[in-house]
Amino acid sequence: MNAYRPAPSSNWVIVLKIILLILALYFSAILLSHVFGWFFSIAFVVIRIAVYFVTSILVLHLFLKLLFGYDLLRFILGTRFSR
């Protein structure tokens, strides 16, 4: 036989814990929204610049290849990545 009996918990204690949890989640959401807002805005700008750069290099490569037969990607990357 086990003589352990859990202590009776009051409904008020459970309600207080739930209210505390909701308040903590609310304050953390307020604080983290500013942090993640800055993080996502900086990441968006960096990714946008990278996409513009890569797209411009590929378009320039295509035009140079079609007009003059010059391989810009082989010039940039070298012969390491070509077969």
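Residues numbered from 1 in each chain as written. Predicted model: local features only at pLDDT ≥ 70, side-chain atom pairs only at ≥ 80, totals over all residues. Heavy atoms only, no water.

A. The arrangement of the overall build of the protein in detail. When its secondary structure is counted, the protein shows 2 helices and 0 strands. Buried residues in the protein amount to 2% of all 83 residues. In the structure as shown, the protein presents an accessible area of about 8,200 Å², 77% of it carried by carbon and sulfur atoms. (Helix = DSSP H or I, 4+ residues; strand = E, 2+ residues; numbered from the N terminus. Buried < 20%, exposed > 50% of the residue type's maximum accessible area, 1.4 Å probe, protein only. Areas by Shrake-Rupley, 256 points an atom, 1.4 Å probe, with all protein chains shown as cover.)

B. View of the packing of aromatic side chains. A complete count under the given rule lists 4 aromatic pairs for this structure. Their ring planes at 55° and their centres at 5.7 Å tell us that Tyr26 and Phe27 sit as a pair that is tilted. Every member of this aromatic cluster is reached through a ring pair, and the members are Phe36, Phe39 and Phe40. (Phe/Tyr/Trp six-rings, centres within 6.5 Å; stacked < 30°, edge-to-face > 60°.)

C. Region of interest: helix α1 (residues 11–68). With 58 residues, α1 extends 81 Å between its outermost C-alpha atoms, agreeing within 8% with the 86 Å of an ideal straight helix rising 1.5 Å per residue. Of all the bends in α1, the greatest, near 25°, is centred on Leu32. Its side-chain oxygen 3.2 Å from the backbone nitrogen of Trp12, Ser10 forms the N-cap of α1. Downstream of α1 by one or two residues, Gly69 has phi in the positive range, about 75°. (Expected span 1.5 Å × (residues − 1). Bend = angle between axes of the 7 residues up to and from the residue. Polar contact = N/O pair within 3.5 Å; in protein donor to acceptor, adjacent residues only side chain to side chain.)

D. Up close: the UniProt feature "transmembrane region" (unreviewed entry) in the protein. The UniProt record marks residues 12–32 and 38–64 with the feature "transmembrane region" (unreviewed entry), using the residue numbering of this structure. Helix and strand shares over residues 12–32 are 100% and 0% respectively, and the end C-alpha atoms of the span are 30 Å apart. End C-alpha atoms of residues 38–64 are separated by 39 Å, and the span's content is 100% helix alongside 0% strand. (UniProt positions renumbered as here; feature names shortened; annotations may be inferred.)

E. Broad picture of a nonpolar patch on the surface. Taken together, the side chains of Val59, Leu62, Phe63, Leu66, Leu67, Phe68, Tyr70, Phe75, Ile76 and Leu77 define a hydrophobic patch exposed on the protein surface, amounting to about 1,100 Å² of accessible area. Elements with a minimum of two residues in the nonpolar patch: α1 and α2 (72–77). Sort the elements by how many residues they give to the nonpolar patch and α1 lands first, with 6 residues. By relative accessible area, Phe68 is classed as exposed at 64%. (Patch = residues over 30% accessible without salt bridge, like charges linked within 9 Å, V, L, I, M, F, W, Y side chains within 5 Å. Salt bridge = Lys/Arg side-chain N within 4 Å of Asp/Glu carboxyl O.)

F. Quick look at the side chain of His61. Locating His61 in the fold gives a position in helix α1. The exposure class of His61 is buried, given its relative accessible area of 15%. Among the polar contacts listed, one links the side chain of His61 to the side chain of Asp71, at a separation of 3.4 Å.

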